[in-house]
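Breakdown of the fold
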Amino acid sequence: MFCKNCGAMLQENANVCTQCGAPIGAGNQYCFHCGQPTGGSPFCAKCGAPQNTAPGQAQEPAYGAPGNRQQKSKLAAVILAFLLGYLGIHNFYLGYTSKGVAQLLLTILGGWLFGLGAVAAGIWALVEAIQLLTGSIDRDANGVALKKEF
């Protein structure tokens, strides 16, 4: 995770940033997931992570009782990306609803252009499947680390 105030990498279980001294979750200039500048945007332009909550917290629980943050399966996300990724199903599973809708619309609406939309969405899904396998995507939309079963 990264400091939302200065973008420095945070030490695990830290309460404040060792670089700037800001409390964890304070600030809105950098993405807590990837450390890229956000310019105060509610979502990171690079990784899509929501920026309106502190790292590891969310406005609504992913599933289960409120406050119950269960880890989602990395293996399930990879399988969904390979099999149904062109429909954005893996992004819906991980909570990246906007990206999922974009992939779904690209496939459906782009099908009228000789199927090029589905091909583009499939390539996008393949890239995200590789990112999941390599660890570039290692958290869901709520900032909760994915379970590593393999």
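The structure we're discussing is the one just above.
Residues numbered from 1 in each chain as written. Predicted model: local features only at pLDDT ≥ 70, side-chain atom pairs only at ≥ 80, totals over all residues. Heavy atoms only, no water.

Description of the environment of Leu116
The topology assignment puts Leu116 in helix H4 (residues 116-134). Spatially, the C-alpha atom of Leu116 lies 8.9 Å from that of Leu106, the residues being 10 residues apart in sequence. (Helix = DSSP H or I, 4+ residues; strand = E, 2+ residues; numbered from the N terminus.)

Focus on the nonpolar core
Ala77, Val78, Ala81, Leu94, Tyr96, Ala129, Leu132, Ile137, Ala141 and Leu146 together form the largest nonpolar core, which totals 10 residues. Contributing elements (two or more residues each) for this core: helix H1 (74-84) and H4. In terms of residue count, the dominant contributor to this core is H1 (3 residues). Apart from residues lying up to four places away in sequence, Leu132 is in contact with Lys74, Ala77, Val78, Ala81, Leu94, Ile137 and Leu146. (Core = buried A, V, L, I, M, F, W, Y, C linked by side-chain atoms within 4.5 Å. Buried < 20%, exposed > 50% of the residue type's maximum accessible area, 1.4 Å probe, protein only. Contact = heavy atoms within 4.5 Å.)

As for the environment of Gly110
Note on placement: Gly110 falls in helix H3 (residues 97-110). Separated by 10 residues in the primary sequence, Gly110 and Ala120 place their C-alpha atoms 8.7 Å from one another. The contacts of Gly110, once residues within four sequence positions are left out, are Leu105, Gly115, Leu116 and Gly117.

Re the state of the cysteines
This model, assessed by the stated rule, comprises 0 disulfides. The structure places no disulfide on Cys6, whose sulfur is separated from the nearest cysteine sulfur, that of Cys17, by 3.6 Å. (Disulfide = S-S within 2.5 Å.)

Here we look at the packing of aromatic side chains
All chains considered together, the criterion is met by 0 aromatic pairs. Lying over the aromatic face of Tyr93, Lys72 brings its terminal NZ or CZ to 5.7 Å of the ring centre. Its guanidinium or amino end placed over the ring of Tyr96, Lys99 lies 4.7 Å from that ring's centre, counting from NZ or CZ. (Phe/Tyr/Trp six-rings, centres within 6.5 Å; stacked < 30°, edge-to-face > 60°. Lys NZ or Arg CZ within 6 Å of the ring centre and 35° of its normal.)

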